[in-house]
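Residues per chain are reported as follows:
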Amino acid sequence: MGEWAGSGAAEVAMGQSVVHDSPLDGVRVLVVEDHELVREVISRLLVEFGAAVTAAGGVAEALEALERERPDVVLSDIKMADEDGYALIRRLRALPPDRGGQTPAVGLTGLITAEDRARVLRAGFQYYVAKPVDARTLVSIVAALAARSRTARGSAARAFHHRSAAGVGTRP
């Protein structure tokens, strides 16, 4: 990440003091944001709360990251210069589940109308978060989505194991 010493950017962007109880310990988050400072601030915030963060500057970079790893949650800006967050969520949802197609996602945007919110949710994001981001709200949403994601993955793994033991649905 970039230089933070003395910038005060993190404190200003977060707008509040942070309680360090690490609610995101072990949670893997992919942050997709084309504005470097915003990407750094959000990534730093999540790391402070215990998350392992992969940051991407756009859709292509995010999809490359998804080839290498499976985050518990994706946070994506909606309005980006090249491809927008809607393009990312369409491509993410088109992936098979074992490649991340059902990964919970949060749409981050400065657009604040009810119509904007509805469009973000219809597109396939589970949450809509307006910028500037409230630190506690964002951490709570990421923690809730990660818990849901891990529960779903655990259920799928248990179901696969059960089917495998019965000789049904085994992988080659």
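By convention here, each chain's residues receive numbers from 1 onward along its written sequence. Thresholds applied to this predicted model are a pLDDT of at least 70 for local features of residues and 80 or more for the giving and counting of side-chain atom pairs; totals over whole chains, interfaces and linings are not thresholded and use all residues. Side-chain calculation: all heavy atoms of the structure are included, whereas hydrogens and water are not.

Undergrad: Hey, could you run me through the overall build of the chain in this one?
TA: Every helix listed is a DSSP run of H or I at least four residues long, and every strand listed is a run of E at least two residues long, numbered separately from the N terminus. Each helix and strand in the chain was counted, giving six helices and five strands. Each helix (α) and strand (β) of the chain, taken in turn from the N terminus, gives the series α-β-α-β-α-β-α-β-α-β-α. Only protein chains enter the accessibility calculation, which uses a 1.4 Å probe; a residue is then buried when its area is under 20% of its type maximum, exposed when over 50%, and partly exposed in between. Counting every position in the chain, which comprises 172 residues, the buried fraction comes to 40%. Counting only contacts in the chain whose residues sit at least 6 apart along the sequence, the fraction spanning at least 24 positions is 66%. A contact between two residues is defined here by any heavy atoms of the two lying within 4.5 Å.

Undergrad: Sorry, what's going on with the sheet that holds strand 1 (residues 28-32) here?
TA: Whenever strands of a sheet pair, they do so through backbone hydrogen bonds, lying parallel or antiparallel. Here, strands pair whenever DSSP counts at least two bridges between them. The strand order across the open sheet built from five strands is 2-1-3-4-5, with neighbouring strands paired in parallel fashion. The open sheet is flanked by strand 2 (52-56) and strand 5 (127-130), the only strands paired with a single partner. For this sheet, the mean inter-axis angle between neighbouring strands, taken without regard to orientation, is 20 degrees. Judged from the four bridges that link them, strand 3 (residues 73-77) and strand 4 (residues 105-109) form a sheet pairing that is parallel. Paired with S76 across the two strands is G107, which belongs to strand 4. Interaxial angles span 0 to 180 degrees and are taken between N-to-C directions of axes, which are lines fitted to C-alpha atoms, for helices over the stretch in contact. Here helix 3 (residues 59-68) sits on the sheet and contacts strand 1 and strand 2; the angle it forms with strand 1, its principal contact strand, is near 160 degrees. Along the sheet, helix 5 (residues 114-123) makes contact with strand 4 and strand 5, crossing strand 5 at roughly 140 degrees.

Undergrad: How do you make sense of the nonpolar core when you look at a structure like this?
TA: Across soluble globular proteins, nonpolar side chains have a tendency to be buried as a group. In terms of nonpolar packing, the biggest core is built from 22 residues, with L46, L75, L138 and V142 touching the most fellow members. When residues of this core are traced back to their parent elements, those giving at least two are strand 1, helix 2 (36-48), strand 3, strand 4 and helix 6 (135-165). Of the residues forming this core, the biggest block, seven residues, is contributed by helix 6. Those residues within four positions of L46 in sequence are excluded, and the remaining contacts are L24, V29, V31, A51, V53, L75, L138 and V142. Judged by nonpolar contacts, the second largest core, of 20 residues, contains L30, A56, V59 and L63. By convention a nonpolar core is built from buried Ala, Val, Leu, Ile, Met, Phe, Trp, Tyr and Cys residues, the set being connected through side-chain atoms within 4.5 Å.

Undergrad: Is there a simple way to think about helix 2 in this case?
TA: Expected helix span is computed as 1.5 Å times (number of residues minus one). Over its 13 residues, helix 2 runs 18 Å from end to end, which matches the ideal 18 Å to within 8%, given 1.5 Å per residue. Those residues of helix 2 that sit buried are R39, E40, V41, I42, S43, L45 and L46. Where helix 2 terminates, the next one or two residues include G50, which has phi positive at roughly 105 degrees.

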